[in-house]
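# Examination of the molecular architecture
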Amino acid sequence: MPIATVNPATGETLKTFDALGAEEIERRLALAATAFAQYRTTGFDRRAELLNRAADLLDEDRQDIARTLTTEMGKPITAARAEAAKCAKAMRWYAENARELLADEYPSADDVTDSGASRAIVRYRPLGVVLAVMPWNFPLWQVVRFAAPALMAGNVGLLKHASNVPQTALYLEDLFRRAGFPEGCFQTLLIGSGAVENILRDPRVAAATLTGSEPAGRSVAAVAGDEVKRTVLELGGSDPFVVMPSADIERAARTAVTARVQNNGQSCIAAKRFIVHTDVYDDFCERFTAGMRDLTVGDPMQESTDVGPLASEQGRTDLEELVDDALRLGATARCGAQRPEKRDKGWFYEPTVLTGVTDGMRIHHEEAFGPVATVYRVSGLDEAVTLANDSPFGLSSNVWTRDDGEVERFVRDLDAGGVFVNGMTASHPALPFGGVKRSGYGRELSGHGIREFCNVTTVWHAAAEPADKT
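Fair warning: this is a prediction, and the values are worked out from it, not measured in the lab. Within any chain, residue numbers begin from 1 and follow the written order of that chain's sequence. Where totals are concerned, whole chains, interfaces and linings use all residues; where local detail is concerned, this predicted model gives features only for residues with pLDDT of at least 70, and gives and counts side-chain atom pairs only at 80 or more. Side-chain calculation: all heavy atoms of the structure are included, whereas hydrogens and water are not.

### A word on the sheet that holds strand β6 (residues 186–188)
Strand pairing in a sheet is mediated by backbone hydrogen bonds. Such pairs are either parallel or antiparallel. With respect to topology, six strands assemble into an open sheet ordered β6-β5-β4-β7-β8-β18, the strand pairing being mixed. Bordering the open sheet on either side are β6 and β18 (440–441), each of which pairs with just one other strand. Strands are labelled as partners when DSSP assigns at least two bridges between them. Numbered from the N terminus, helices here are DSSP runs of H or I no shorter than four residues, and strands are runs of E no shorter than two. Across three bridges, the pairing between strand β5 (residues 156–160) and β6 is parallel. Note on β6: the bridge partner recorded for Gly 157 is Phe 186. Contacts between residues were defined by any pair of non-hydrogen atoms, one from each residue, lying within 4.5 Å. In this analysis, axes come from line fits to C-alpha atoms, helices being fitted only over the stretch in contact, and the angle between any two N-to-C directions falls in the range 0 to 180 degrees. Helix-sheet contacts for helix α1 (residues 22–39) involve β4 (129–133), β5, β6 and β7 (205–211), and the interaxial angle to β5 is about 150°.

### Quick notes on the pairing of strand β9 (residues 239–243)
Type-normalised accessible area, obtained with a 1.4 Å probe on protein chains alone, sets the label of each residue: buried when under 20%, exposed when over 50%, and partly exposed for intermediate values. Of all five residues in β9, five are buried; the element is thus mostly enclosed. By the alternation rule, side chains of β9 split into Asp 239, Phe 241 and Val 243 and Pro 240 and Val 242, which are all buried. Sheet topology places β9 next to strand β10 (residues 271–277); five bridges connect them, and they run parallel. Within the sheet, the bridge partner assigned to Pro 240 lies in β10 and is Arg 273. We call a crossover right-handed when, viewed with the strands running away from us, the connection from the first strand over the helix to the second turns clockwise. Where the polypeptide runs from β9 across helix α10 (residues 249–261) and back to β10, its parallel neighbour, the crossover connection is right-handed. Of the pairings in the sheet, the one linking β9 to strand β15 (residues 398–400) comprises three bridges and is parallel in character. Counted as the bridge partner of Phe 241 is Asn 398 from β15.

### Some thoughts on the packing of aromatic side chains
For Phe, Tyr and Trp, where Trp contributes only its six-membered ring, two rings pair if their centres lie within 6.5 Å, and the inter-plane angle classes them as stacked under 30 degrees, edge-to-face over 60, or tilted in between. Tallied over the entire structure, the rule returns ten aromatic pairs. Taking the centre distance of 5.6 Å and the plane angle of 80° together, the rings of Phe 176 and Phe 181 count as edge-to-face. Residue classification places Phe 181 among the buried positions, given a relative accessible area of 7%. Taking 5.1 Å as the distance between ring centres and 45° as the angle between the ring planes, the aromatic pair formed by Phe 241 and Phe 274 counts as tilted. In this pair, Phe 241 sits in strand β9 while Phe 274 sits in strand β10, placing the two residues 33 residues apart along the sequence.

### Thoughts on the pairing of β4
Along a regular strand, successive side chains alternate from one face of the sheet to the other. Counting buried positions along β4 gives five out of five residues, so the element sits mostly inside the fold. Along β4, one buried face is formed by Val 129, Leu 131 and Val 133 and the opposite face, lined by Val 130 and Ala 132, is buried too. Direction of pairing for β4 relative to β5: parallel, over a ladder of five bridges. From the neighbouring strand, Val 130 faces β5, where its bridge partner is Gly 157. Handedness of the crossover is the feature at issue here: the chain leaves β4, passes through helix α6 (residues 141–152), returns alongside β5, and the resulting connection is right-handed. Pairing of β4 with β7, which is carried by five bridges, proceeds in the parallel orientation. For Val 129, the partnering residue across the bridge sits in β7 and is Val 205.

### Details of the packing of α10 against helix α11 (residues 278–293)
For the pair α10 and α11, the least separation of the axes is 9 Å and the interaxial angle reads 45°. Between α10 and α11, the angle is such that the two are oblique. When you trace α10 past α11, the crossing you get is right-handed. Residues Ile 249, Glu 250, Ala 252, Ala 253, Ala 256, Val 257, Arg 260 and Val 261 of α10 form the contact with α11, whose participating residues are Val 280, Asp 283, Phe 284, Arg 287, Phe 288, Gly 291 and Met 292. Put simply, Ala, Val, Leu, Ile, Met, Phe, Trp, Tyr, Cys and Pro go in the nonpolar bin, Asp, Glu, Lys and Arg in the charged bin, and everything else, Gly too, in the polar bin. Classifying every residue of the contact of α10 with α11 by side-chain character gives ten nonpolar, one polar and four charged. An angle below 35 degrees is treated as roughly parallel, one above 145 as roughly antiparallel, one from 65 to 115 as roughly perpendicular, and anything else as oblique. Each crossing gets its hand from how the near helix is turned against the far one by less than a right angle, where anticlockwise is left-handed and clockwise is right-handed.

### Here we look at the side chain of Gln 142
By secondary structure assignment, the location of Gln 142 is in helix α6. Residue class for Gln 142 comes out buried when judged on its relative accessible area of 3%. If we ignore the near neighbours within four places in the chain, the residues touching Gln 142 are Met 134, Pro 135, Asn 137, Thr 211 and Glu 234.

Spelled out as structure tokens, the structure:
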């Protein structure tokens, strides 16, 4: 795949970039290693000062970088501005909280004595150079939620971003440079996916984090495993959105529309499978379909646009194949299921609601990365839990009910890294984020995220030997 900015709203190639050669990659690896040796000794106050400065610069740049995001991957401009603001917020959160999150831990006095020590400490130390392989769908946020905690922990970063967002990737390197981070602390590598393995195998790279497809995750995990290096993987998702009879149906249906089409439907944590109790199925379906049908599909630079184009032509083709397979096997399209008639350029697809989906259809098992929802009817809680878990993925989940007993059952039994009750899944710096099953492993954000790339070190001091009485 060429490294290029291709406007998905028009299909026009705006700018292309040459991939880095072997000599330049080596120079940057050496620079990262040198930077870590120095940066790891800086204190939390200095790191926080630099990260807060990066947040201030990002706020100043918000409008311009939002236009870059929209140009490169097609998200509505309003969402692009919100993404930039969220990144600045996360930077400030880690700048404020990292010291406490990584504070030394002291075992109880009894345990210290029992271990034969005079004192013992658990200390969090940075691992080193962390390689981040990041996707295009949230091209700022995905990077910042790795970079902010990694830099505050004393690590340095190498970014291999998706090949269709090169200008965003270069902006991030420049942002941290302008903020005053020492040279080499954060570098963007404009490289193809074929160059990742050699970089990950390099002994100067200590660990890797990847957000992306399941095949990409398998590849990075295999190499990292062979090299015995730590990894964090956040892969696909096909999140359930369960609606029970006690739910506020009007609010659930309204939220469901946003949950499905956020980021033009191209979000791992977007709700994709809507599992609705039969007692409220018809009411929910009618409201949800009307909301999806009323969305404005169009130029993502326009403030009034709800849904822009898919990020690539291949992405739209993949989505169409899933929908066509379902329709061919008996599913019903309540709305959408086609390209907008008035759009002869760009990779647009109408918001779509499918019912009558069965387990013989691809879309039942595969992630639909675009504004396509599947709605299922269930007779009770047990069936809802079973259907929600009938997926290879387990990233997050949404449950709508006012019954506390049902809430506890869902929290206990859903195979997911998160359960969001009467609301849609969202990420926040203070809350751990990640999944189970084929959605990956490890956690980002919160204290769990910042500790993923730390050396958890036991410091043990021997007790004094008794004095010789002879």
